[in-house]
Amino acid sequence: MKTLSILFALLFSLPALCASPIGQTADFIRNDYTITPVTVATPVAMFTLPYPTGSVQIFDTNGTDMKIICGVTVTAYPPGGGTMPLKCSAGSVISVQGITATANTGELLISFYYQ
């Protein structure tokens, strides 16, 4: 009977746990490079993080080497993107910059996984 009480307690607390952004993809950004190109000259600010982040998943159809900038942390990602660790504090501005060429076709999607 005690086990059943614990299961019910967990079941009814589950919605509250799921409402937390911790460990979940809570935000994502999309950039259409034909509307907002990203150059090698200067970073383009995309998003301000509301929570600390632990990793990101990037999908980039442009095909050039790019870097994601979070405060003073700079992480390069290959054409196409991927999932990578990115430790950033809440309030950090996420920017993207080209490494080898200007991105002016395709799109960029970044999903944020909060800590």
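Residues numbered from 1 in each chain as written. Predicted model: local features only at pLDDT ≥ 70, side-chain atom pairs only at ≥ 80, totals over all residues. Heavy atoms only, no water.

What follows deals with the confidence of the model for the protein. For the protein, per-residue confidence averages 81 on the pLDDT scale, and 77% of positions sit at 70 or higher. Long-range and interchain partners of residues 1–21, a stretch whose pLDDT sits below 50, account for five contacts in this model, where long-range means more than four residues apart. (pLDDT = per-residue confidence, 0-100. Contact = heavy atoms within 4.5 Å.)

Under the definition given, this model contains two aromatic pairs. Between the aromatic rings of Phe47 and Phe112, the centroid separation amounts to 5.1 Å while the plane-to-plane angle is 20°, which identifies the pairing as stacked. Here the residue Phe47 occupies a position in strand E2 (residues 44–48), and Phe112 occupies one in strand E8 (residues 107–114), the gap between them amounting to 65 residues. (Phe/Tyr/Trp six-rings, centres within 6.5 Å; stacked < 30°, edge-to-face > 60°. Helix = DSSP H or I, 4+ residues; strand = E, 2+ residues; numbered from the N terminus.)

On to the environment of Gln57, then. Summarising the element assignment, Gln57 is placed in strand E3 (residues 53–60). For the pair Gln57 and Ile110, spaced 53 residues apart in sequence, the C-alpha separation works out to 5.7 Å. Dropping the residues within four chain positions of it, Gln57 is found in contact with Gly82, Thr83, Leu109, Ile110, Ser111 and Tyr113. In terms of polar contacts, Gln57 uses its side chain to reach the side chain of Tyr113, at 3.0 Å. (Polar contact = N/O pair within 3.5 Å; in protein donor to acceptor, adjacent residues only side chain to side chain.)

Looking now at the environment of Thr102. Relative to the assigned elements, Thr102 resides in the loop between strand E7 (93–98) and E8. Sequence separation between Thr102 and Met66 is 36 residues; the distance between their C-alpha atoms is 9.2 Å.

This part takes up the pairing of strand E5 (residues 73–77). Sheet faces and side chains relate simply in a regular strand, where the side chains alternate between the two faces. Here strand E4 (residues 66–70) pairs with E5 via five bridges, running antiparallel. Paired with Ile68 across the bridge in E5 is Thr75. Taking the residues between adjacent antiparallel strands as the criterion, E4 and E5 are bridged by two residues, where Gly71 takes a positive phi near 65°. (Pairing = 2+ DSSP bridges.)

Below, the discussion takes up the nonpolar core. If you look at the biggest cluster of nonpolar residues, it comprises 22 residues, and the most contacted ones within it are Leu49, Ile58, Tyr77, Ile94, Ile110 and Phe112. Listing elements by their share of this core, those giving two or more residues are E2, E3, E4, strand E6 (81–88), E7 and E8. Sort the elements by how many residues they give to this core and E8 lands first, with four residues. When near neighbours in sequence (up to four residues on either side) are disregarded, Ile94 contacts Val44, Ala45, Met46, Phe47, Leu49, Ile68, Ile69, Cys70, Leu86, Cys88 and Phe112. (Core = buried A, V, L, I, M, F, W, Y, C linked by side-chain atoms within 4.5 Å. Buried < 20%, exposed > 50% of the residue type's maximum accessible area, 1.4 Å probe, protein only.)

This part covers the environment of Gly54. Relative to the helices and strands, Gly54 resides in strand E3. Among the residues examined, Gly54 registers a relative accessible area of 13% and is labelled buried. The sequence separation of Gly54 and Phe112 amounts to 58 residues, and the corresponding C-alpha distance is 7.9 Å. Setting aside its immediate chain neighbours within four residues, Gly54 contacts Pro85, Leu86, Lys87, Tyr113, Tyr114 and Gln115.

A separate point is the state of the cysteines. Going through the model one piece at a time under the given rule, you end up with one disulfide. Covalently, Cys70 is tied to Cys88 through a disulfide, its sulfur atoms 1.8 Å apart. Separated by 18 residues along the polypeptide, Cys70 in strand E4 and Cys88 in strand E6 bring together distant segments of the chain. For the pair Cys70 and Cys88, a shared accessibility class is recorded, and that class is buried. (Disulfide = S-S within 2.5 Å.)

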